[in-house]
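Each chain, written out:
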Amino acid sequence: MSKPIKKIMVYVDGTEQSVTAAQYAICLAAFSGAELIAYYVVNTRAMEDLLRARIFLKDEQVEYEQDMESDADRYLNHVNELAVQKGVSISRKRSKGSVHKEIVSAVNDEEIDLLVIGELSRIRSRRDEFYDEAERAMRNVPCSVLIVKDDDRVWEMYQSLS
Amino acid sequence: MALIDMVTEEIVKIPLESKDKPDVLRELVQILKDAGQIDDFDAVLEVIREREDKGSTGLEKGFAVPHAKTPAVCSLKLAIGIAPDGIDFDSLDKQPSKLFFLLVAAPDQSGPHVEALSEIAKLSRSNALCKALVNADNAAEVVELLKGE
């Protein structure tokens, strides 16, 4: 039987939950030998929506987009360092647009077997407005999805990785 | 952290006591201070005022979303204030603002900040929810309405 997981993608968005997800994905890649990709999406779609809604000024949109580009590099570099420390090879990729659509597109293009994401909201709401982008991606990707919980346990697992 | 996880009774005030824009900004920041969410009241108020000076965040249909980034916080902070009688906030449609969502973010967390603002923008498009929030009796009811539980 061939390896069930050949290619893992972890979605990194700058939250603590996504960094925990990255630590878990690094462990998973180390144990399984799967290829690992860290993926960040600069949410330009949301910024365009905020500009249209007049919540953002044009200058503000430009400023936030530049900040988010910097955030993307910083967080992907951080995840890269986490992987390098454990001798795991990782590719860094990023794109711009609607987050969940970009994730679905990347999963298809890269032929990902497993998408790893951080813990979702613990509170269930009937309000669709509160579904976040990671949750939308989870619902729409064609591959299996692993939602990482318990940051203390994941940290211990990551630390114990030689 | 998702926006919904940030909604607790401690960060909700209904009704707001302020009668004008400068006072309501101060009152919203005070909600964060009272809830133990921020230490430096003046620093947060200053960046919120600076952003409002560039252009009002008072939208249509009584919704206002004052927001800013500042190193005075290390994570996203949300305060919700409701003024059933409305407050002149120099809004787009010149109507008094009734629902205030104040969002303050750390400078290195633009992604979660944008996503939270986007969620608030989606909420503002729900006329039924906005009406229910304005007519809420207390903070607990506001939380219940937002969480839908």
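Look a little higher up for the structure.
Presented here is an overview of the structure given in this document. Keep in mind the model is a prediction, meaning the values are calculated, not measured.

1. Some words on the interface of chain B and chain A
For step 1, the next point in the chain: With 27 residues of chain B at the contact, the number on the chain A side is 26 residues.
For step 2, the next point in the chain: Elements that contribute at least two residues to the side of chain B that touches chain A include exactly α1 (3–6) and α4 (110–124) of chain B.
For step 3, the next point in the chain: The biggest single contributor to the side of chain B that touches chain A is α4 of chain B, with eleven residues.
For step 4, the next point in the chain: Of the residues assigned to the side of chain B that touches chain A, the class counts are twelve nonpolar, eight polar and seven charged.

2. Overview of unusual backbone geometry
What is expected of a backbone is that most residues other than glycine have negative phi and most peptide bonds are trans.
For step 1, the next point in the chain: Between I14 of chain B and P15 of chain B the backbone carries a cis peptide bond, its omega angle lying at 0 degrees.
For step 2, the next point in the chain: When you line up the elements, P15 of chain B lands in the loop between β1 (12–13) and α2 (21–34).
For step 3, the next point in the chain: Backbone geometry at E111 of chain A places phi at a positive 55 degrees, although glycine is not the residue there.
For step 4, the next point in the chain: With respect to the helices, strands and loops of the structure, E111 of chain A is situated in the loop between α4 (99–109) and β4 (114–117).
For step 5, the next point in the chain: The phi dihedral of D150 of chain A is positive, around 65 degrees, even though this residue is not glycine.

3. Brief notes about the pairing of strand β1 (residues 7–11) of chain A
Residues and elements named next belong to chain A.
For step 1, the next point in the chain: Of all five residues that make up β1, four are buried, and the element is covered over most of its length.
For step 2, the next point in the chain: Here β1 pairs with strand β2 (residues 35–42) via five bridges, running parallel. Bridging across to β2, M9 finds its partner in I37.
For step 3, the next point in the chain: For the crossover from β1 across helix α1 (residues 16–32) to β2, the handedness is right-handed.
For step 4, the next point in the chain: Pairing of β1 with β4, which is carried by three bridges, proceeds in the parallel orientation. By the bridge assignment, I8 is partnered in β4 with L114.

4. Some remarks on the packing of α1 of chain A against helix α6 (residues 151–160) of chain A
All names here are of chain A.
For step 1, the next point in the chain: The contact between α1 and α6 brings their axes to 9 Å, and the two run at 40 degrees. For the element pair α1 / α6, the angle class is oblique. α6 is crossed by α1, and the crossing has left-handed handedness. Contacts from T20, Q23, Y24, I26 and C27 of α1 reach α6 at D151, V154, W155, M157 and Y158.
For step 2, the next point in the chain: Of the residues assigned to the contact of α1 with α6, the class counts are seven nonpolar, two polar and one charged.

5. Details of α4 of chain B
For step 1, the next point in the chain: Taking 1.5 Å per residue, 15 residues should reach 21 Å; α4 of chain B reaches 21 Å between its end C-alpha atoms and fits that length.
For step 2, the next point in the chain: Most of α4 of chain B sits out of view: 14 of its 15 residues are buried.

Criteria and cut-off values
- Every chain is numbered independently, its residues counted from 1 as its sequence is written.
- Working convention: letters from A go to chains and numbers from 1 go to ligands, in the order in which they are written.
- The model is predicted, so local features are restricted to residues of pLDDT at least 70 and side-chain atom pairs to those at 80 or more, both for listing and for counting; the totals for chains, interfaces and linings are taken over all residues.
- Note on contacts: each residue gets a C-beta atom placed from the backbone, and two residues are in contact if those atoms are within 7 Å.
- Secondary structure elements follow DSSP: runs of H or I no shorter than four residues count as helices, runs of E no shorter than two count as strands, and numbering proceeds from the N terminus.
- All amino acids are sorted into three groups, where Ala, Val, Leu, Ile, Met, Phe, Trp, Tyr, Cys and Pro are nonpolar, Asp, Glu, Lys and Arg are charged, and the leftover types, Gly among them, are polar.
- Residue burial is a threshold on neighbouring C-beta atoms within 10 Å of the residue's own C-beta, all placed from the backbone, with 20 or more meaning buried, 12 or fewer meaning exposed, and counts in between meaning partly exposed.
- Any two strands with at least two DSSP-identified bridges between them are counted as paired.
- Assignment of crossover handedness uses the view with strands pointing away from the viewer, where a clockwise path from the first strand over the helix to the second indicates a right-handed crossover.
- To get an axis, fit a line to the C-alpha atoms, keeping to the stretch in contact for a helix; angles then go from 0 to 180 degrees between the N-to-C directions.
- Should an angle fall under 35 degrees it is taken as roughly parallel, and over 145 as roughly antiparallel, whereas 65 to 115 is taken as roughly perpendicular and any remaining angle as oblique.
- When the near helix sits turned anticlockwise from the far one by under a right angle, the crossing is termed left-handed; a clockwise turn instead gives a right-handed crossing.
- A helix is expected to span 1.5 Å multiplied by its residue count minus one.

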